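One-letter residues, chain by chain:
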Amino acid sequence: MDRIRIVGGNVLHGTIPISGAKNAALPLMIASLLTDETLTLDNVPHLADVEQLIRILGNHGVDYMVNGRREGDGQSYARTIHFSAKNIVTTTAPYELVSKMRASFWVIGPLLARMGEAKVSLPGGCAIGTRPVDLFIEGLAKLGAEIDIDNGYVVTRARKGLVGNRFAFPKVSVGATHVLMMAAALAKGETVLENAAREPEIVNLADCLNAMGARISGAGTPTVTIEGVTALHGARHAVIPDRIETGTYAMAVAMTGGDVLLEGARADLLENALDVLVQAGAEITPTNSGIRVRRNGAGIAAVDVTTEPFPGFPTDLQAQFMGLMTKAKGKSRITETIFENRFMHVQELARLGAKISLAGQTAIVEGVPVLKGAPVMATDLRASVSLVIAGLAAEGETTVHRVYHLDRGFERLEEKLSHCGAVVERVSE
Ligand code: EPZ
């Protein structure tokens, strides 16, 4: 199993190209199930989760063809992938596939809407929490689906098609908003989703669905209106830049000091997180080609944050921010409100010398002047990269084990960081 070896202490200087967003690419790929024509996606990142979803879609009969730049053609590995769901060969998504990646549960929306039925395994819990699917079930039932839970599967039918309705989410959910938008796109009549998620990935999906012939308005606001159509057609659409990767590297620069251009990054996708970084002492300058992040010799200021649905501070940057705060001057309070068990990085950061105590859903981080390198264990995707950020500023050598977590969501991380002067390498065992 690979590990990442880091020797801390170098400042970062240079350019880091920002990849397409994993969490935008996944629902866009799933949207290909809604039409028998080809959906072409540009700027698709090369990540383990994308490869896994290609396998899952393949199980339903989706063909794909990759073109774009080849390895070695410059810094970006962004790919263009053509997806064609001309023939859906099965509407069942088995446990073996769904259990590997929660987002694959989302195929339930397009399969049900286009084929009138779907049988999708319950995804189960995962390292960051129980992650139920009640909102998907309630929402699809509102659109007229019959739903049963049978042997660990959600079995759903709408033989005469889905029918538009009004559904108010009792809690904001990114995944359930994606799924209900996709399902309602092919329902009869109008659907109004209230208290919908407002994440940029929702807007990216709505734009793609509209390019495919859907009639969706209000995406990016709490009320999304979908006027159902009888069929969708092929389209070409680009994945937005990854705001979580952007925030992660911005925090890495804030941690080590230096001057880095995050090429292709968009400041409007992560305003709140950038404000927090400015409060912590980073200089952030949006430019025509991306976002420039600088921090000079001054120390990092302690800042309190609470994770919230967009436009609040994202839960997917909570671990990285905690990594940064381990070296802040003073105490910061980091409160996690989205997932109940997203503090597994605390113990690993402590191995590097961080001082963190937990009080319920709040971590109190007391900044220390020096972190010291150590072997640490990645526990989930974002937790892993918080260890990389801490390792970049720790004295001596840090080894991050279980790197497969990182590979799910960070494209060529060691290459991007080492181009900017960090000592980071992948070691195969
Ligand atoms: C998406 O997950 C992201 N995943 C997550 O990123 C991200 O952390 C999360 O949104 C929140 O921003 C993808 O986009 C692939 P939710 P999702 O439904 O859609 C509860 C990463 O690191 N809930 O918005 O699964 C749920 O348990 C990943 O890239 C219900 O109670 O998240 C959570 O507490 C991790 N019932 C809250 O809502 C439901 O039916 C928000 O979850 C559905 C969700």
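Criteria and cut-off values
Position labels on residues start from 1 in each chain and follow its written sequence. Local features in this predicted model are restricted to residues whose pLDDT is 70 or higher, and side-chain atom pairs enter the listing and the counts only when it is 80 or higher, whereas totals over whole chains, interfaces and linings include all residues. To get the side-chain values, all heavy atoms of the structure are used, and hydrogens and water are removed first. A molecule or strand has a residue near it when one of that residue's heavy atoms lies within 4 Å. The term polar contact refers here to a pair of N or O atoms within 3.5 Å; inside protein, the definition further demands a hydrogen-donor-capable atom paired with an acceptor-capable atom, and it admits residues adjacent in sequence only when both atoms are side-chain atoms. Accessible surface area values rest on a Shrake-Rupley calculation with a 1.4 Å probe, where residue burial reflects the displayed protein chains alone. Where each domain starts and ends follows an automatic or database-derived domain assignment. We call two residues in contact when some of their heavy atoms are within 4.5 Å. Once two parts are put together, the accessible area they lose, assessed with a 1.4 Å probe and summed over both, is termed the buried area. Centre distance within 6.5 Å is the pairing criterion for rings of Phe, Tyr and Trp, where only the six-membered ring of Trp is used; planes under 30 degrees apart are then read as stacked, over 60 as edge-to-face, and the remainder as tilted. Burial classes follow relative accessibility: with a 1.4 Å probe on protein chains only, a residue under 20% of its type's maximum area counts as buried, one over 50% as exposed, and anything between as partly exposed. Working rule: Lys NZ or Arg CZ, within 6 Å of ring centre, within 35 degrees of ring normal, means a charge sits over the ring. Axis definition: a line fit to C-alpha positions, over the contact stretch in the case of helices; interaxial angles, taken between N-to-C directions, run 0 to 180 degrees. Helix and strand assignments come from DSSP, with helices taken as H or I runs of at least 4 residues and strands as E runs of at least 2, each series counted from the N terminus. An angle below 35 degrees is treated as roughly parallel, one above 145 as roughly antiparallel, one from 65 to 115 as roughly perpendicular, and anything else as oblique. All amino acids are sorted into three groups, where Ala, Val, Leu, Ile, Met, Phe, Trp, Tyr, Cys and Pro are nonpolar, Asp, Glu, Lys and Arg are charged, and the leftover types, Gly among them, are polar. Pairing between strands requires that DSSP locate at least two bridges from one strand to the other. Crossing handedness: left-handed means the near helix sits turned counterclockwise from the far one by under a right angle, and right-handed means the same turn made clockwise. Nine residue types can take part in a nonpolar core, namely buried Ala, Val, Leu, Ile, Met, Phe, Trp, Tyr and Cys, and a core is a set of them joined through side-chain atoms within 4.5 Å. Salt bridge, as used here, is a side-chain nitrogen of Lys or Arg placed within 4 Å of a carboxyl oxygen of Asp or Glu. Given a helix with a known number of residues, its expected span is that number minus one, times 1.5 Å.

Caption draft 1: Main features of the site of the ligand. Lining the immediate surroundings of the ligand are 23 residues, of which Asp-134, Ser-173, Asp-316, Ile-338 and Arg-382 lie closest. Note that an oxygen atom of the ligand is positioned 3.2 Å from one of the backbone N or O atoms of Pro-132. Separating an oxygen atom of the ligand from a backbone N or O atom of Ile-338 is a distance of 2.5 Å. Protein coverage of the free-state accessible area of the ligand, which is 830 Å², stands at 91%.

Caption draft 2: Examining the domain arrangement of the protein more closely. By the assigned domains, the protein splits into domain 1 (3–18 + 241–427) and domain 2 (22–238). Computed from C-alpha coordinates alone, the two centres of domain 1 and domain 2 are separated by 30 Å. On the side of domain 2, 21 residues touch domain 1, which itself brings 26 residues to the contact. In this assembly, domain 1 packs against domain 2 so that about 2,000 Å² is buried in total across both faces, 50% of it on carbon and sulfur atoms.

Caption draft 3: Quick peek at the packing of aromatic side chains. The full count for this structure, using the stated rule, is three aromatic pairs. Taking the centre distance of 5.6 Å and the plane angle of 65° together, the rings of Phe-313 and Phe-321 count as edge-to-face. Using a relative accessible area of 0% as the deciding quantity, one classes Phe-321 as buried. The aromatic ring of Tyr-153 is capped on one face by Lys-119, whose charged end is 5.0 Å from the ring centroid.

Caption draft 4: Seen up close, the packing of helix H6 (residues 174–185) against helix H7 (residues 200–211). Close contact between H6 and H7 brings their axes to 10 Å; oriented N to C, the two are set at 10°. With respect to each other, H6 and H7 are oriented roughly parallel. Contacts between H6 and H7 involve Val-174, Thr-177, His-178, Met-181 and Met-182 from the first element and Glu-201, Ile-202, Leu-205, Ala-206 and Leu-209 from the second. Classifying every residue of the contact of H6 with H7 gives seven nonpolar, two polar and one charged.

Caption draft 5: How the structure looks around the sheet that holds strand S13 (residues 224–227). Spatial strand order, S10-S11-S13-S12: four strands in an open sheet with mixed pairing. The sheet is open, and its two borders are formed by strand S10 (166–168) and strand S12 (215–217), each paired with just one other strand. For this sheet, the mean inter-axis angle between neighbouring strands, taken without regard to orientation, is 15°.

Caption draft 6: Molecular detail of the packing of helix H10 (residues 318–325) against helix H12 (residues 381–393). The interhelical angle for the contact between H10 and H12, taken along N-to-C directions, is 20°, at an axis separation of 7 Å. Judged on the interaxial angle alone, H12 and H10 are roughly parallel. The way H10 lies across H12 gives a crossing that is right-handed. Only Arg-382, Ala-383, Val-385, Ser-386 and Ile-389 of H12 make contact with H10, whose side of the interface consists of Ala-319, Gln-320, Gly-323 and Leu-324. By residue class, the composition of the contact of H10 with H12 is five nonpolar, three polar and one charged.

Caption draft 7: Seen up close, the side chain of Ser-84. Locating Ser-84 in the fold gives a position in strand S5 (residues 79–84). Classification of Ser-84 by relative accessible area gives buried; the value is 18%. Aside from chain neighbours lying at most four places away, what touches Ser-84 is Glu-37, Thr-38, Gly-61, Val-62 and Asp-63.

Caption draft 8: Broad picture of the environment of Ser-332. With respect to the secondary-structure elements, Ser-332 resides in strand S19 (residues 331–335). Distance from Ser-332 to Gly-258, taken between C-alpha atoms, is 23 Å for residues 74 residues apart in sequence. Apart from the residues lying within four places of it in its own chain, the contact partners of Ser-332 are Ala-302, Val-303, Asp-304, Met-325, Ala-363, Ile-364 and Val-365.

Caption draft 9: A look at the nonpolar core. Core analysis: the biggest nonpolar cluster contains 78 residues, and Leu-34, Phe-105, Leu-162, Met-181, Leu-193, Leu-209 and Leu-232 have the highest contact counts within it. Ranked by the residues each element gives to this core, the list is headed by H6, at eight residues. Sequence-distant contacts of Leu-34, that is, excluding residues within four places in its chain, are made with Pro-110, Ala-113, Arg-114, Met-182, Leu-186, Leu-209, Met-212 and Leu-232. Core analysis: the next-biggest nonpolar cluster, separate from the first, contains 68 residues, Ala-250, Leu-381, Val-388 and Phe-410 among them.

Caption draft 10: Quick look at the environment of Arg-351. One can find Arg-351 in helix H11 (residues 345–351). Separated by 21 residues in the primary sequence, Arg-351 and Lys-372 place their C-alpha atoms 8.3 Å from one another. Discounting residues that sit within four places of it in the chain, Arg-351 has contacts with Lys-372, Ala-374, Pro-375 and Val-376. For Arg-351, the side chain forms a polar contact with the main-chain oxygen of Pro-375, separated by 2.9 Å.

Caption draft 11: View of the sheet that holds strand S7 (residues 117–121). Reading across from one edge, S6-S7-S9-S8 is the order of the four strands in this open sheet, with mixed pairing throughout. Every other strand in the sheet has two partners, leaving strand S6 (92–93) and strand S8 (146–150) as the edge strands with one partner each.

Caption draft 12: Fine view of the pattern of salt bridges. Taken as a whole and judged by the stated rule, the model has 18 salt bridges. For Arg-266, the salt bridge identified is with Asp-268, shortest N-O distance 2.8 Å. Relative accessible area serves as the criterion here: at 36%, Arg-266 is assigned to the partly exposed category. Among the residues examined, Asp-268 registers a relative accessible area of 41% and is labelled partly exposed.

Caption draft 13: Spatial organisation of H6. Along its 12 residues, H6 runs 17 Å from first to last C-alpha, staying within 8% of the 16 Å computed at 1.5 Å per residue. In terms of residue burial, H6 counts as a mostly covered element, since 11 of its 12 residues are buried. For H6, every residue scored as buried is listed here: Gly-175, Ala-176, Thr-177, His-178, Val-179, Leu-180, Met-181, Met-182, Ala-183, Ala-184 and Ala-185.

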